[in-house]
Amino acid sequence: MKLVIFDLDGTLTTTVAVDADSYVRAFADVFGMAGIDTDWSRYRDYTDGGIAREIFESRRGRKPTPTEMERLISRFTSLLAKAGKQDPSLFSPLAGAGEALRRLEADGSFRVAIATGCWLASARLKLDLAGLDLAHLPLATSDDAPERAAILKLAVERAGKPAGGSWEKQVYVGDGVWDVRTTRALGLPFLGVGEGAKLERMRAEGARHFIPDFRDYPRFLAALQAAEVPSPATASGRDA
């Protein structure tokens, strides 16, 4: 049996833009912090919690308190919910994602989990607004750990063990250079989702297998089978 672990923003849902906009606005609304860099690849930990901690430390010289983090998460989630009411199209599933997940779960050869850098509240909201009923799946988020590697390892742990005690293969499906870096560090096969500039950034970081979306299910299955641990990054990838 194979384990397939999915990222969320940009992988299962088209929420990259609304997520970034709401995240920046939440910082401005709660803490009066403006001018936040939204190139998430520049941060030490590429997760909601890790990025928030780094921004706060750079601006205030200390870590945010639990209460401050709760206020930020609450405001961020409320902004996402408001955006979803105003424009539901911002929270669409990636093309073919829902059907691909249903077919994977129905196939006795696969088990599915989610590992995302989102906070739990925002992850659940995005999945709900995108019409993806995945509450039953093993899920690890930034509430569990600020480091993406720890989140991914926890998702694998929560997926349990297959009959026989070991996975035939584990593949992480994601769309960011941070996903490539994390899977390379963990020695985990990676399948990139995207095309154009996004694909090229992942390729420069060392990813070797890609799909544009999930509409072509046989192509997706073939890509899962072919997925490999990312290679070392090229010079352009290291500069990303």
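Placed above this text is the structure.
Residues numbered from 1 in each chain as written. Predicted model: local features only at pLDDT ≥ 70, side-chain atom pairs only at ≥ 80, totals over all residues. Heavy atoms only, no water.

**Here we look at helix 6 (residues 148-158)**
Inspection of helix 6 places Arg148, Ile151, Leu152, Leu154, Ala155 and Val156 among the buried residues, and these make up the whole buried set. Where helix 6 is buried, its residues meet strand 1 (2-6), strand 2 (110-115), strand 3 (139-140), strand 4 (169-174) and helix 7 (177-186). Residue Gly160 follows helix 6 closely and has a positive phi angle near 80°. (Buried < 20%, exposed > 50% of the residue type's maximum accessible area, 1.4 Å probe, protein only. Helix = DSSP H or I, 4+ residues; strand = E, 2+ residues; numbered from the N terminus. Contact = heavy atoms within 4.5 Å.)

**Quick look at the pattern of salt bridges**
Taken as a whole, this structure holds 20 salt bridges when the rule is applied. We note a salt bridge from Arg203 to Glu200, for which the minimum N-O separation is 3.5 Å. Remark: Glu200 and Arg203 occur in helix 8 (residues 196-205); sequence separation between them is three residues, near one turn of the helix. The exposure class of Arg203 is partly exposed, given its relative accessible area of 41%. What makes Glu200 partly exposed here is its relative accessible area of 44%. In this structure, the salt-bridge partner of Asp213 is Arg215, at a minimum N-O distance of 2.7 Å. Note on Arg215: relative accessible area 64%, which makes it exposed. Bridged by salt links that share partners, the residues Asp7, Arg148 and Asp179 form one connected network. (Salt bridge = Lys/Arg side-chain N within 4 Å of Asp/Glu carboxyl O.)

**Observations regarding the side chain of Thr182**
Looking at the element boundaries, Thr182 is found in helix 7. A relative accessible area of 7% means that Thr182 is categorised as buried. In this structure the side chain of Thr182 is engaged in a polar contact, spanning 2.8 Å, whose partner is the backbone oxygen of Trp178. (Polar contact = N/O pair within 3.5 Å; in protein donor to acceptor, adjacent residues only side chain to side chain.)

**Describing the packing of helix 6 against helix 7**
Helix 7 packs onto helix 6 with a crossing angle of 65° between their chain directions and a minimal axis gap of 10 Å. Relative to helix 7, helix 6 is oriented roughly perpendicular. You can see that helix 6 and helix 7 cross each other, and the crossing is right-handed. Contacts between helix 6 and helix 7 involve Arg148, Ala149, Leu152 and Lys153 from the former and Trp178, Asp179, Thr182, Thr183 and Leu186 from the latter. The class makeup of the residues in the contact of helix 6 with helix 7 is four nonpolar, two polar and three charged. (Axes fitted to C-alpha atoms, helices over the stretch in contact; angles between N-to-C directions. Parallel < 35°, antiparallel > 145°, perpendicular 65-115°, else oblique. Left-handed = near helix turned anticlockwise from the far one by under 90°. Nonpolar A, V, L, I, M, F, W, Y, C, P; charged D, E, K, R; others polar.)

**Some points on the layout of surface pockets**
As a volume, the largest pocket reaches approximately 500 Å³. Forming the boundary of the largest pocket are 24 residues, of which Val16, Trp40, Asp175, Gly176 and Trp178 lie nearest the centre. Among the elements of the structure, helix 1 (16-31), helix 2 (48-60), helix 7 and helix 8 are those that each provide at least two residues to the lining of the largest pocket. Among the elements that line the lining of the largest pocket, the one with the most residues is helix 1, at four residues. Counted by class, the lining of the largest pocket contains 10 nonpolar, five polar and nine charged residues. Approximately 190 Å³ is the volume found for the second largest pocket. Forming the boundary of the second largest pocket are 13 residues, of which Gly49, Met69, Trp119, Ser142 and Asp143 lie nearest the centre. With four residues, the single largest contributor to the lining of the second largest pocket is helix 3 (residues 66-86). Residues of the lining of the second largest pocket, tallied by class, amount to seven nonpolar, three polar and three charged. (1 Å grid on protein atoms, 1.4 Å probe; cavity = no way out; pocket = protein on both sides within 12 Å on 5 of 7 lines; lining within 4 Å. Points joined across faces, edges and corners; volume = space filled by probe spheres on them.)

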